[in-house]
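# Notes for the structure review
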Amino acid sequence: MNVFWENIRCMLTGRYVEGRTDLNVLWNPALIRVDRGMVTPSLKNVPKLSGRQKRAVKRFYRPYIRRITDRYHRYYTAGNGVFRPDYLPEELYVTRVDRYFSDRQEARFLDNKCYYYRLFPQVKQPEAVGMRIGGTWLDGRLSPVSYEKVKEAALREPELVVKRAVNSQGGYGVRFLDRREAKKGLDGLIAGIPCDLVIQKPVRQHPGLAVLHPESVNTLRIVSLLTGERVKIYAVCLKIGVGKERVDNGCHGGIYCGVRPDGRLRRLGIMDNGRTAERHPQLGYRFADQKVPCLKKALELVRKAHPFLGHFRLISWDVAIDETGEAVLIEANLSLGGINDVQLCSGPLFGRDTEKVLDEVFSKKGRKGRQHAPG
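Below is a short write-up of the structure.

Thresholds applied
- Residues numbered from 1 in each chain as written.
- Predicted model: local features only at pLDDT ≥ 70, side-chain atom pairs only at ≥ 80, totals over all residues.
- Heavy atoms only, no water.
- Pairing = 2+ DSSP bridges.
- Helix = DSSP H or I, 4+ residues; strand = E, 2+ residues; numbered from the N terminus.
- Contact = heavy atoms within 4.5 Å.
- Axes fitted to C-alpha atoms, helices over the stretch in contact; angles between N-to-C directions.
- Buried < 20%, exposed > 50% of the residue type's maximum accessible area, 1.4 Å probe, protein only.
- Salt bridge = Lys/Arg side-chain N within 4 Å of Asp/Glu carboxyl O.
- Parallel < 35°, antiparallel > 145°, perpendicular 65-115°, else oblique.
- Left-handed = near helix turned anticlockwise from the far one by under 90°.
- Nonpolar A, V, L, I, M, F, W, Y, C, P; charged D, E, K, R; others polar.
- Phe/Tyr/Trp six-rings, centres within 6.5 Å; stacked < 30°, edge-to-face > 60°.

Think of a sheet as strands paired side by side through backbone hydrogen bonds, with each pair either parallel or antiparallel. Spatially, β3-β2-β1-β6-β4-β5 is the arrangement adopted by the six strands of the open sheet, whose pairing is antiparallel. Edge positions in the sheet fall to β3 (144-145) and β5 (174-178), since each of these pairs with one other strand and no more. Judged from the four bridges that link them, strand β4 (residues 159-164) and strand β6 (residues 197-200) form a sheet pairing that is antiparallel. Each residue of the ladder has a partner; that of Val 161, found in β6, is Gln 200. Running at roughly 150 degrees to strand β1 (residues 128-133), helix α8 (residues 147-154) makes contact with β1, β2 (136-139), β3, β4 and β6 of the sheet. The strands that helix α9 (residues 179-191) touches are β1, β2, β4, β5 and β6; relative to β5, the one it contacts most, it runs at about 140 degrees.

Time to look at the environment of Tyr 93. Take Tyr 93: it is sitting in helix α5 (residues 90-101). For Tyr 93, a relative accessible area of 2% translates into the label buried. In this structure, the C-alpha to C-alpha distance between Tyr 93 and Lys 201, residues 108 residues apart in sequence, is 35 Å. Setting aside anything within four residues of it in sequence, one finds Tyr 93 in contact with Leu 88, Asp 98, Arg 99, Arg 104, Leu 314, Leu 336, Gly 337, Gly 338 and Ile 339.

So, about the pattern of salt bridges. Applying the stated criterion across every chain, the model contains 23 salt bridges. Between Lys 201 and Glu 157 there is a salt bridge, and its shortest N-O distance comes to 3.7 Å. With Lys 201 in the loop between β6 and α10 (207-210) and Glu 157 in the loop between α8 and β4, the pair connects residues that are 44 residues apart, well separated along the chain. With relative accessibility at 25%, the residue Lys 201 sits in the partly exposed group. The partner of Glu 360 in a salt bridge is Arg 313, and the shortest N-O contact between them spans 3.1 Å. In this pair, Glu 360 sits in helix α13 (residues 354-362) while Arg 313 sits in the loop between α11 (295-305) and β12 (314-321), placing the two residues 47 residues apart along the sequence. Given the relative accessible area of 2%, Glu 360 is considered buried. Here Arg 313 falls in the buried class, since its relative accessible area comes to 4%. Within the structure, one salt-bridge network assembled from shared partners comprises Glu 6, Arg 9 and Arg 20.

Moving on: the packing of helix α1 (residues 2-13) against helix α2 (residues 28-39). Contact geometry of α1 with α2 gives a least axis separation of 8 Å together with a crossing angle of 40 degrees. Between α1 and α2, the angle is such that the two are oblique. Handedness of the α1/α2 crossing: left-handed. Contacts from Asn 7, Cys 10, Met 11, Leu 12 and Thr 13 in α1 reach Pro 29, Ala 30, Arg 33 and Val 34 in α2. A per-class count over the contact of α1 with α2 returns six nonpolar, two polar and one charged.

A full pass over the atoms with the stated rule returns 13 aromatic pairs. For the pair Tyr 72 and Tyr 76, a centre-to-centre distance of 6.4 Å together with 45 degrees between the ring planes defines the contact as tilted. Within this pair, Tyr 72 and its partner Tyr 76 are both found in helix α4 (residues 71-80), separated by four residues, close to a single helical turn. On the accessibility criterion, Tyr 72 (0% relative accessible area) is buried. Ring centres of Tyr 234 and Phe 350 lie 5.1 Å apart, and the angle between their planes is 85 degrees; on these two criteria the pair is classed as edge-to-face.

As structure tokens, then:
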């Protein structure tokens, strides 16, 4: 019943409540309403597409869908100054493409940061201090212990990261505590988290990324598609923090910037409201003059981790580069990773493969898990 009313509320208001709404249980109309609520305010002063551009969008999508909104093409074109008919409208992504490639029902149970240490033992992750799964506490070695033991270990650390393990979109539910704050407030913080949680040591990021914004760990958003025996990388963006924020997510004021194959950043950074800038608003450097260190390590991590998750062929990964130059898995968005910022940064999500991907998704013979995907 709660799921039913949450769907009704989201359809009526176009809003979801961070930490409460599980996007994976929302019906398509509710997802569309939520997404439009995020995009539409950014279209207030955006020029309409020309007649020629509208016809190009309709012509491109005619084989797949009878009616197509142009609001997303307007949004992306205004944001980065480039019109492309093969932009993937996020409405279509959340209702058809993501639903085809990812098992959202399974994501409700598997998309839990506590499970990462068993799901991805072959890749580097933030070092665990302890975690709570249901009513059970585990230490950093994943052995059952009392909360007192976890707290004792936590208070020995100079700094902690406490994360909600589920329903933590956009950096919601991530708290940083130094030792003094932990001694005073760890019990209260944990008591106030109603779901599974994980306590970790913070990642110390690579100096080449720290100069871009030292207060936050600036992470790479990497979108990959599992295509039979191959993991294909379709988009890479860097999320950069702003001001005193410790997280780099756009909803906290952070900036998305596309990453070229050689690691160089693209010219424009994109903010959560769709505004663009060529320079960091606080530190003043030009994005195009910066380069991501050790990019290949991050791509290798994704290619190593993704094949195990065959029920989630399309995943959006958040990966950090630590001070030693190693890639560190921060988060795997198994479904509904969001593509608006990615396309604003880097162009159409699937690039030249867009028609191939849509052919599979909309094929009458196509079915979830089909192996004949774009190569």
